[in-house]
Structures are given as C-alpha cells and as structure tokens.
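Here's the letter readout for the chains.
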Amino acid sequence: MYELVLRVDAGPMASDEQVERQVRGLYRDLRTLGLFKVERKQAPAPAGSMASAGYEIGALIVSGAFSAAALKAMSNVLVAYIQRSKTRSVEWEFDGNKGTFQALSAKDQNKLVDVVASRIAAEVSVDGDSGEPGGSDGGTPDRAAGRD
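None of these values were measured; they are calculated from a predicted model.

1. A closer look at the overall build of the protein
Alright, step 1. Helices and strands together make up the secondary structure of the protein, namely 3 helices and 5 strands.
Alright, step 2. Counted from the first residue to the last, the protein has its helices and strands arranged as β-α-β-β-α-β-β-α.
Alright, step 3. The buried share of the protein, reckoned over its 148 residues, is 35%.
Alright, step 4. Long-range contacts, defined as pairs at least 24 residues apart, comprise 55% of the intrachain contacts of the protein with a sequence gap of at least 6.

If you want it as structure tokens, here you go:
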C-alpha cells in the first residue's frame, strides 16, 4: 500500500480554522471517490506537553493501491476542489517527490501520475510479477494490447 501526503495552502492570511474547514472539504471529496483511504496526518505532541499526539494542520494522508486511473481521478478531484474553494494550492509528496496542484495545473497532474506510476512499476519489475494478463504470471497472451 502506498501513501501520499497532501497539504492545503490557504494563503498567508488564512487562520487555522479556515485551513481546517478547507481540509475537511477536501477530505470529504476524496472519500467520495471511494478509491482511497483518507486520514488526517498525525503530528507528535509539543515537547514538554502532556497532550497526546495531534494532527498536522492542513495535511491529509491518502493511501491505497494507486493505479494511473485512480491517480487521474484524484487529480481531477484536487483541481475541481481548488477551482471552487478559496484554496491557493494543494501540495503533494510521494516517496521524496513533491509537487503542487494549482487551478488548471495539468503539468503537475501529469507529474503526480508519472511519479507514482514509475515508482510502482519499479517495484513490480523487482518482484517480477506485473499482475497483467500475458505478463510473467503465465497467463494468456494479451494480443489486443500487443503483448504476446
């Protein structure tokens, strides 16, 4: 299972309450897809505090099986969310790679899909099992896709 960190940037003048309201909206939108597990990003309690762990303001963790189609659906949700909300951007981080979604940011949409897909493909090639028809699983060749 993979994890993607999303951080909402509501701008320098936004209060913590405004950021949290926007994060709740994004949380609902991503959960509506039904493709991923969406959680608040936990943060450790401040040093010397008696409080338990809390949540990082403005951050979500999205986890699950990231296919190219699922990532495209997520990127569409992120761009639609940014366009209708007052959020300036949503930053993403996956396996040391980072980017930013801004309204109509097709370049960053493609970068997210490419980074995650290449990371997953690298792990699949190490395992030697692509799980695709006609792949190394001994299945029937997939002539329609040009894999004999």
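2. Considerations on the environment of Ile120
Alright, step 1. As for its position among the elements, Ile120 is in helix α3 (residues 106–127).
Alright, step 2. Taking the relative accessible area as the measure of exposure, Ile120 reaches 16% and is therefore buried.
Alright, step 3. For Ile120 and Ala65, which are 55 residues apart along the polypeptide, the C-alpha to C-alpha distance reads 9.4 Å.
Alright, step 4. Sequence-distant contacts of Ile120, that is, excluding residues within four places in its chain, are made with Tyr2 and Phe66.

3. Here we look at the environment of Ala59
Alright, step 1. Summarising the element assignment, Ala59 is placed in strand β3 (residues 54–64).
Alright, step 2. Along the primary structure Ala59 and Arg40 are separated by 19 residues, whereas in three dimensions their C-alpha atoms are 6.3 Å apart.
Alright, step 3. In this structure Ala59 touches Leu6, Arg7, Val23, Arg40 and Lys41, once residues within four positions along its chain are discounted.

4. Digging into the packing of helix α1 (residues 16–33) against helix α2 (residues 68–84)
Alright, step 1. Following both chains from N to C, one finds α1 and α2 inclined at 145°, their axes separated by 10 Å at the closest point. Both α1 and α2 take part in a crossing whose hand is right-handed. From α1, Gln22, Val23, Gly25, Leu26, Asp29, Leu30 and Leu33 reach across to α2, where they touch Ala73, Met74, Val77, Leu78, Tyr81 and Arg84.
Alright, step 2. Grouping the amino acids of the contact of α1 with α2 by side-chain chemistry returns 9 nonpolar, 2 polar and 2 charged.

5. Points about the packing of aromatic side chains
Alright, step 1. The final tally for this structure, using the stated rule, is 4 aromatic pairs.
Alright, step 2. Clustering of aromatic rings is evident, with ring pairs tying together Tyr2, Phe36, Phe66 and Phe94.

6. Concerning α1
For an α-helix, the turn length of 3.6 residues means that residues three or four places apart are oriented alike.
Alright, step 1. The first and last C-alpha atoms of α1 sit 26 Å apart over 18 residues, in line with the 26 Å expected at 1.5 Å per residue.
Alright, step 2. Residues of α1 that are buried: Val19, Glu20, Gln22, Val23, Gly25, Leu26, Asp29 and Leu30.
Alright, step 3. Positive backbone phi, approximately 75°, marks Gly34, located one or two places after α1.

7. Brief notes about α2
Alright, step 1. The terminal C-alpha atoms of α2 lie 24 Å apart, and with 17 residues this matches the ideal 24 Å at 1.5 Å per residue to within 8%.
Alright, step 2. Within α2, burial applies to Ala70, Leu71, Met74, Ser75, Val77, Leu78, Val79, Tyr81 and Ile82.

8. Points about the nonpolar core
Alright, step 1. One finds Leu4, Leu30, Phe66, Met74 and Val90 to be the most contacted residues of the largest nonpolar core, which totals 31 residues.
Alright, step 2. Those elements that provide at least two residues to this core are β1 (2–9), α1, β3, α2, β4 (89–94) and α3.
Alright, step 3. It is α2 that provides the largest number of residues to this core, a total of 8 residues.
Alright, step 4. Not counting residues up to four positions away in its chain, the partners in contact with Met74 are Leu4, Leu30, Leu33, Phe36, Val62 and Phe66.

Calculation rules
Residues numbered from 1 in each chain as written. Predicted model: local features only at pLDDT ≥ 70, side-chain atom pairs only at ≥ 80, totals over all residues. Heavy atoms only, no water. Helix = DSSP H or I, 4+ residues; strand = E, 2+ residues; numbered from the N terminus. Buried < 20%, exposed > 50% of the residue type's maximum accessible area, 1.4 Å probe, protein only. Contact = heavy atoms within 4.5 Å. Axes fitted to C-alpha atoms, helices over the stretch in contact; angles between N-to-C directions. Left-handed = near helix turned anticlockwise from the far one by under 90°. Nonpolar A, V, L, I, M, F, W, Y, C, P; charged D, E, K, R; others polar. Phe/Tyr/Trp six-rings, centres within 6.5 Å; stacked < 30°, edge-to-face > 60°. Expected span 1.5 Å × (residues − 1). Core = buried A, V, L, I, M, F, W, Y, C linked by side-chain atoms within 4.5 Å.

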